[in-house]
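Chain by chain, the residues:
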Amino acid sequence: MALRLIVQEGFAALTMRRLGKALGMTAPNLYNYYQSKDEIYVTLMIQGFSKLRAYLMKRADAEQDAIARGRAIMRGYIEFGLSQPEHYELMFSSHAPKFREYKGTDIEPLSNQEYALSMEVANFAETCLQSVLDRVGLNASGDQRRTMLIELWSLLHGMVSLHLTGNTAYLTDTPLETYEHILDLLLQRFVDRHREQQS
């Protein structure tokens, strides 16, 4: 209920009184479980990143070749976004607070858990990216890898967001097949372009 409320109406719309009413509880009773709406929100973020990590690792573990693993992770990201739209929106499209805003507050320890989990996901993706680069003989510094990762993330996020808002339907009746084709093209172009830059 809290997840849906934040996604549909924004973080400001979530109040303990409103959530308690929706759950058939009084706000004071809800405080027995959570100290604030911020604690509920960060807990939902932790749940989301835990699910995303599971999606990515499951897809990666099914592949042995580095390039196939890279593609599988991209596919896993899209699958997560399409199958868990509310969590996806909360994590990557909402204007709710981010971890830096909880520094110095009672929520900071929980927010640090969310940040650590999100970085675990990012580091896993970066490690897989490095494996792809090694596989095709490309060298990249840590900063370059992060730039590449943000580039790929931006493209994947665009695909998921366009799908979730229904905009992809303007151009194709078979969006899922189109996404699969795009992943193949994306990976090939990505490898080719960075190979050319180093030659």
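Please read these numbers as outputs of a predicted model, since none were measured by experiment. (Residues numbered from 1 in each chain as written. Predicted model: local features only at pLDDT ≥ 70, side-chain atom pairs only at ≥ 80, totals over all residues. Heavy atoms only, no water.)

Asker: It is not clear to me how the packing of aromatic side chains should be interpreted in this structure. Could you clarify?
Answerer: Given two aromatic rings, their pairing is described by the distance between the two centres and the angle made by the two planes. Taken as a whole and judged by the stated rule, the model has nine aromatic pairs. An angle of 90° between the planes, with centres 5.9 Å apart, marks the rings of F49 and F92 as edge-to-face. Of this pair, F49 sits in helix α4 (residues 37–61) while F92 sits in helix α6 (residues 85–92), and the two are 43 residues apart along the sequence. A residue is classified by how much of its surface remains accessible, and F49, at 7% relative accessible area, is buried. These aromatic residues form a ring-pair network of at least three members: F49, Y55, Y77, F80, Y88, F92 and W153. (Phe/Tyr/Trp six-rings, centres within 6.5 Å; stacked < 30°, edge-to-face > 60°. Helix = DSSP H or I, 4+ residues; strand = E, 2+ residues; numbered from the N terminus. Buried < 20%, exposed > 50% of the residue type's maximum accessible area, 1.4 Å probe, protein only.)

Asker: How should I be thinking about helix α7 (residues 108–135) in this particular structure?
Answerer: The periodicity of an α-helix, 3.6 residues per turn, causes residues three or four places apart in sequence to face the same way. Over its 28 residues, α7 runs 40 Å from end to end, which matches the ideal 40 Å to within 8%, given 1.5 Å per residue. One or two residues past the end of α7 sits G137, with phi positive at roughly 75°. (Expected span 1.5 Å × (residues − 1).)

Asker: Looking at this structure, I do not really get the packing of α7 against helix α8 (residues 142–164). What am I missing?
Answerer: The axes of two packed helices give the description: the angle between them and the distance between them. Between α7 and α8, whose axes approach to 10 Å, the crossing angle comes to 105°. Here α7 lies roughly perpendicular to α8, going by the angle between them. Contacts from A122, N123, A125, E126, L129, Q130 and L133 of α7 reach α8 at G142, R145, R146, M148, L149 and L152. (Axes fitted to C-alpha atoms, helices over the stretch in contact; angles between N-to-C directions. Parallel < 35°, antiparallel > 145°, perpendicular 65-115°, else oblique. Contact = heavy atoms within 4.5 Å.)

Asker: Would you take a moment to explain helix α1 (residues 2–9) for this structure?
Answerer: Along α1, the positions that sit buried rather than exposed are A2, L3, L5 and I6. Down the axis of α1, the smallest arc covering the buried residues is 165°, so these residues share one side. Elements in contact with the buried residues of α1: α2 (16–22), α4 and α6. Two residues or fewer after α1 comes G10, characterised by a positive phi angle close to 100°. (Arc of directions from axis to C-beta.)

Asker: Looking at this structure, I do not really get the pattern of salt bridges. What am I missing?
Answerer: Side chains that differ in sign of charge can pair as their charged atoms come close. Scanning all chains against the criterion turns up 11 salt bridges. Here E126 and R146 are joined by a salt bridge, their closest N and O atoms 2.5 Å apart. Of the two residues, E126 sits in helix α7 while R146 sits in helix α8, which places them 20 residues apart along the sequence. Each member of the salt-bridge network shares a partner with another, and the members are R59, R71, R75, E79, E180 and D184. (Salt bridge = Lys/Arg side-chain N within 4 Å of Asp/Glu carboxyl O.)

Asker: Hey, could you run me through the side chain of S36 in this one?
Answerer: You can see S36 is positioned in the loop between α3 (27–30) and α4. Classification of S36 by relative accessible area gives buried; the value is 18%. Among all residues touching S36, those that are not within four sequence positions of it are M16, Y31 and I107.

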